[in-house]
Amino acid sequence: MTTSDLSRPAALCAAQVRRAETFARLHRPGNPLLLPNAWDVASAVLIAAAGAPAIATTSGGVAWSLGVPDAADLGAGRAAAVIDRIAAAVSVPVSADIEAGYGPDADAVLATVTAVVRAGAVGVNLEDRLPGQSGLLGPAEQADRLAAARTAADRLGVPLWINARTDVFLAGQGPAARLEEAADRAVAYAAAGADSIFVPGLTDPAAIAELAAGPLPVAVMAGLGAPPVAELAAAGAARISLGTAIAQAAYAVAARAAAELLTAGTYTATAGGIGYAELNAALRPPG
């Protein structure tokens, strides 16, 4: 797909624009959007039924469900197909984790964002580390990619929420240097059209508060060992997600149940499962 192929906006439903506006309003520093990440239709439906006001995919969970490792270049087509199915199954806003945009340059990001927005996404995560590379893209290069994402959304008429992920806290520098770089990248990413800065590995409330004083709302990835939501909210977080944690827990149940059956010949690991009729009903089309 070339840039010229994308010059005419798709005829998108006004409901998608309303969902995008709703999704934006849910990002409130101090009263954060809580996103238990989904990876397929069933997980998305159950998360929405639990009361989540929006659905965000986890690229790792999506990849595992399709039989490939995370960060192995899932590709725009497969990512968009998952979003299409999830967006058709839930009534809440859906945001797509598109990793680094599935391509080496801004044109690839533009094509990927176009695909997932046409599939129903009203938000994206876009990270600044390409698959297989230990170093990060330079701030200016990543800003160009974020600007391409914004261009794609504008052409389609959707006020897309762009969650700009930076992996500076996963890159091995000292804490002070990492926070300073994250703050600098937030400035560059905001100028390129990003709506929030997402910093996996950053859970220290004082550092979150410092970053939240910058130009972008802060998105945090939480999990075991992280401060509770109340503390992250008090620090100014606008969005808290769980990444691959729920998918990992679900697959752990499968592994434990299989091992128990094959060794002890018992079935206790399956206790607490959702009832067959309940799960079946949750996935039944309305009407």
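Up top is the structure.
Residues numbered from 1 in each chain as written. Predicted model: local features only at pLDDT ≥ 70, side-chain atom pairs only at ≥ 80, totals over all residues. Heavy atoms only, no water.

**Points about the pairing of strand β3 (residues 94–97)**
Point 1. What you see with β3 is no split at all: Val94 and Ala96 on one side and Ser95 and Asp97 on the other are buried throughout.
Point 2. As paired elements, strand β2 (residues 55–56) and β3 share two bridges and run parallel to each other. Of the residues in β3, the one forming a bridge with Ala56 is Ser95.
Point 3. Two elements, β3 and strand β4 (residues 123–127), share three bridges in a ladder whose sense is parallel. Bridging across to β4, Ser95 finds its partner in Gly123.
Point 4. Between the parallel pair β3 and β4, the chain is carried across by helix α5 (residues 106–118), and the sense of this crossover is right-handed. (Buried < 20%, exposed > 50% of the residue type's maximum accessible area, 1.4 Å probe, protein only. Helix = DSSP H or I, 4+ residues; strand = E, 2+ residues; numbered from the N terminus. Pairing = 2+ DSSP bridges. Right-handed = clockwise from strand over helix to strand, strands pointing away.)

**A look at the layout of surface pockets**
Point 1. By volume, the largest pocket amounts to about 370 Å³.
Point 2. Lining the largest pocket are 29 residues, and of these Ser59, Asp70, Asp97, Glu127 and Arg165 lie nearest its centre.
Point 3. Those elements that provide at least two residues to the lining of the largest pocket are α3 (59–65), β4, β5 (161–165), β7 (218–221) and β8 (237–241).
Point 4. Here the lining of the largest pocket takes three residues from β7, the largest share from any one element.
Point 5. When grouped by side-chain class, the residues that make up the lining of the largest pocket number 10 nonpolar, 11 polar and eight charged. (1 Å grid on protein atoms, 1.4 Å probe; cavity = no way out; pocket = protein on both sides within 12 Å on 5 of 7 lines; lining within 4 Å. Points joined across faces, edges and corners; volume = space filled by probe spheres on them. Nonpolar A, V, L, I, M, F, W, Y, C, P; charged D, E, K, R; others polar.)

**Section: empty space enclosed by the protein**
Point 1. Per the counting criterion, the structure on display carries one cavity of 30 Å³ or more.
Point 2. Estimates place the volume of the largest cavity at around 70 Å³.
Point 3. In terms of lining residues, the largest cavity is bounded by 13 residues, among which Thr57, Val62, Leu74, Ala79 and Asp97 are the most central.
Point 4. The set of elements that each furnish at least two residues to the lining of the largest cavity consists of α3, α4 (76–89) and β3.
Point 5. Ranked by the residues each element gives to the lining of the largest cavity, the list is headed by α4, at three residues.
Point 6. Grouping the amino acids of the lining of the largest cavity by side-chain chemistry returns nine nonpolar, three polar and one charged.

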